[in-house]
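Structural description and commentary
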Amino acid sequence: MKIALLGYGRMGKTIEEIAKNRGHEIVLKVSDGIENHDLTKADVAIDFSVPDAAFKNITTCFKVGVPVVSGTTGWLDDYEKATKICAEENSAFIYASNFSLGVNVFFELNQKLAGMMQGLEDYSVEIEEIHHTKKLDAPSGTAISLAEQIIHENKQLKGWQLDSADENKIPIHAKRIEDVPGTHVVSYDSEIDTIEIKHTAKSRQGFALGAVVAAEYLQDKTGIYSMKDVLADLFKN
């Protein structure tokens, strides 16, 4: 499979290493304007760029017939527009706030726990996320996904806020510490006890591997998919 890397920072370089180890060819590395490159030589593009560039990167690929896997966060106000363009161009797309297999298991645990806790009014919930200092957006896309899962299970919660939160909203605390790949903690606290679930990434390898596996899944497909689809396909095999 021929892969275009949109964004060639630390994550892009890790993806390149893993993709090559899995027998794929990197045909393009984009770290400047996407219009300066020939995207058509790629079978699929993997976007780990920056929030300001993501929408243009993704939709430009759709328009030249290249499916996209995107892990860039901070641009999701334009997500619906991107999926509409994907459908119009008969292309394929997977967006995930986090491609790590372990994190996607963590998502399943978070949803299950939220369902169990929704009737226990003595507990308040909050989320903490810690990432490296070069991460531009806060809170992380993974933290937002965790919050949205909890809100879906608990109808009394009406949203989330960064740091302090109004009543019926989940506070998300975002910390930036040098060389931290990613840590997420969901806490339920009462006067009696505290319940926590936590995921700690030890390196970028898990994120990068998941993105490459998602690209392998997306090749020759059309439509909008998620990591649930990718994992279902893996578990089927």
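As a reminder, the structure under discussion sits directly above these lines.
Anyway, here's the lowdown on the structure attached to this text. Please read these numbers as outputs of a predicted model, since none were measured by experiment.

Calculation rules
Residues numbered from 1 in each chain as written. Predicted model: local features only at pLDDT ≥ 70, side-chain atom pairs only at ≥ 80, totals over all residues. Heavy atoms only, no water. Pairing = 2+ DSSP bridges. Helix = DSSP H or I, 4+ residues; strand = E, 2+ residues; numbered from the N terminus. Patch = residues over 30% accessible without salt bridge, like charges linked within 9 Å, V, L, I, M, F, W, Y side chains within 5 Å. Areas by Shrake-Rupley, 256 points an atom, 1.4 Å probe, with all protein chains shown as cover. Salt bridge = Lys/Arg side-chain N within 4 Å of Asp/Glu carboxyl O. Lys, Arg positive; Asp, Glu negative; His and termini not counted. Charge placed at Lys NZ, Arg CZ, Asp CG, Glu CD. Expected span 1.5 Å × (residues − 1). Buried < 20%, exposed > 50% of the residue type's maximum accessible area, 1.4 Å probe, protein only. Contact = heavy atoms within 4.5 Å. Polar contact = N/O pair within 3.5 Å; in protein donor to acceptor, adjacent residues only side chain to side chain. Axes fitted to C-alpha atoms, helices over the stretch in contact; angles between N-to-C directions. Parallel < 35°, antiparallel > 145°, perpendicular 65-115°, else oblique. Left-handed = near helix turned anticlockwise from the far one by under 90°. Nonpolar A, V, L, I, M, F, W, Y, C, P; charged D, E, K, R; others polar.

A word on the pairing of strand S8 (residues 169-176). In the sheet, strand S6 (residues 124-131) pairs with S8 via five bridges, with the strands oriented parallel. Of the residues in S8, the one forming a bridge with Glu 129 is Ala 174. Looking at chain direction, strand S7 (residues 159-162) and S8 are connected through four bridges and run parallel. Among the inter-strand pairings, Gly 159 is bridged to a residue of S8, identified as Lys 169.

Our next topic: a negative patch on the surface. Residues Glu 126, Asp 189, Asp 193 and Glu 196 make up a contiguous surface patch of negative charge. Along the chain, Glu 126 falls in strand S6.

Turning to helix H4 (residues 101-117), a few remarks are in order. Taking 1.5 Å per residue, 17 residues should reach 24 Å; H4 reaches 24 Å between its end C-alpha atoms and fits that length. Where H4 is concerned, the buried positions are Val 103, Asn 104, Phe 106, Phe 107, Asn 110, Leu 113, Ala 114 and Met 117. Packing partners of the buried residues in H4 comprise helix H5 (141-153), strand S9 (182-189), strand S10 (194-201) and helix H7 (227-236). Two to three positions downstream of the cap, the backbone nitrogen of Gly 102 sits 3.2 Å from a side-chain oxygen, assigning the N-cap of H4 to Ser 100.

This part is about the sheet that holds S7. Pairing in this open sheet of five strands is mixed, and the strands run S7-S8-S6-S9-S10 from one edge to the other. Edge positions in the sheet fall to S7 and S10, since each of these pairs with one other strand and no more. Each neighbouring strand pair of the sheet contributes to a mean axis angle of 20°, computed without reference to strand direction. Lying over the sheet, H4 contacts S9 and S10, oriented at roughly 170° with respect to S10.

Moving on: the packing of helix H1 (residues 10-21) against helix H6 (residues 205-218). Direction vectors running N to C along H1 and H6 enclose 60°, while the axes themselves pass 9 Å from each other. Here H1 lies oblique to H6, going by the angle between them. When the axes of H1 and H6 are compared, the crossing they make is right-handed. When H1 is examined against H6, the residues Met 11, Thr 14, Ile 15, Glu 17, Ile 18 and Ala 19 are found in contact with a partner set consisting of Gln 205, Phe 207, Ala 208, Leu 209, Ala 211 and Val 212. Of the residues belonging to the contact of H1 with H6, the class tally is nine nonpolar, two polar and one charged.

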